[in-house]
Amino acid sequence: MSAAVGAVSATKDVSFNVHLEEEHKNKGTNKVDVVNHDDVEEIGIDEDEEEEHKVELDLGPQFSLKEQLEKDKDDESLRKWKEQLLGNVDVSAVGEKIEPEVKIASLTIICQGRPNLILPIPFTTTDSKKSIFTLKEGSQYRLKFSFTVSNNIVSGLKYTNVVWKTGVRVDNTKKMLGTYSPQQEPYTYELEEEITPSGLFARGTYSARTKFVDDDRRCYLDASYRFEIQKNWPTHH
């Protein structure tokens, strides 16, 4: 596991481009990722996940956070390092569980000049084919996550988001959020500002799948949903 709290790096495989399949052709390949647009919930692991599964690392025995705090407690340098790593962790509230628990509380879409659009977890919709939000084409927006960490340190928490339109993958975003120690207050994390695609072919309904996983491949959220991009903002806002 990483020892640096909040260490952040990011990769973004492709931009949000409704003509991604044309880019594949221009690179000398006709391969595109085609999925059943009506069954996005049943999508399996993608190529990147398959690559990750090929690497098997023996990380050695795992310890609960309380055990880690008790280990080598007489070593002054190690004690200071742990204090720096863990911050103001309430040891009495830590517990004996080895596996961390991460709860994704909400995803918020922030658009300048518009009320924040908060998407509670799980996404509340009785119809899996119904869009849960609509964005205006060509609009600037940022995503903000709110999540809590308990029991133990979560190492390498990563956000991934894959988007399809009419069965073709048009976006594949990955963001390393970092390593976090348990605390009662929720963490928040904002992504960089992006712009929704615009034009006639950009408008319509999209399918998306959002996941939060850590270095040990524990999955804390795996949610599929639909959204729309339209010429104007919805009139009911």
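Nothing here was measured: the structure is a model prediction, and the numbers come from that model.

Engineer: Explain the packing of aromatic side chains to me, please; I cannot follow it from the model alone.
Structural biologist: A complete count under the given rule lists 10 aromatic pairs for this structure. The interplanar angle of 5° and the centroid separation of 5.2 Å between the aromatic rings of Phe 133 and Phe 227 together place this pair among those described as stacked. Taken together, the residues Phe 133 in the loop between β3 (117-120) and β4 (134-136) and Phe 227 in strand β11 (residues 219-230) connect sequence positions 94 residues apart. Exposure class is identical for Phe 133 and Phe 227. Each is buried. An angle of 10° between the planes, with centres 5.2 Å apart, marks the rings of Tyr 206 and Phe 227 as stacked. Of this pair, Tyr 206 sits in strand β10 (residues 204-213) while Phe 227 sits in strand β11, and the two are 21 residues apart along the sequence. An identical accessibility class is assigned to Tyr 206 and Phe 227; each is buried. An aromatic cluster is defined as three or more aromatic residues linked by ring pairs; in this entry it consists of Phe 133, Tyr 206, Tyr 225 and Phe 227.

The rules behind the values
Residues numbered from 1 in each chain as written. Predicted model: local features only at pLDDT ≥ 70, side-chain atom pairs only at ≥ 80, totals over all residues. Heavy atoms only, no water. Phe/Tyr/Trp six-rings, centres within 6.5 Å; stacked < 30°, edge-to-face > 60°. Helix = DSSP H or I, 4+ residues; strand = E, 2+ residues; numbered from the N terminus. Buried < 20%, exposed > 50% of the residue type's maximum accessible area, 1.4 Å probe, protein only.

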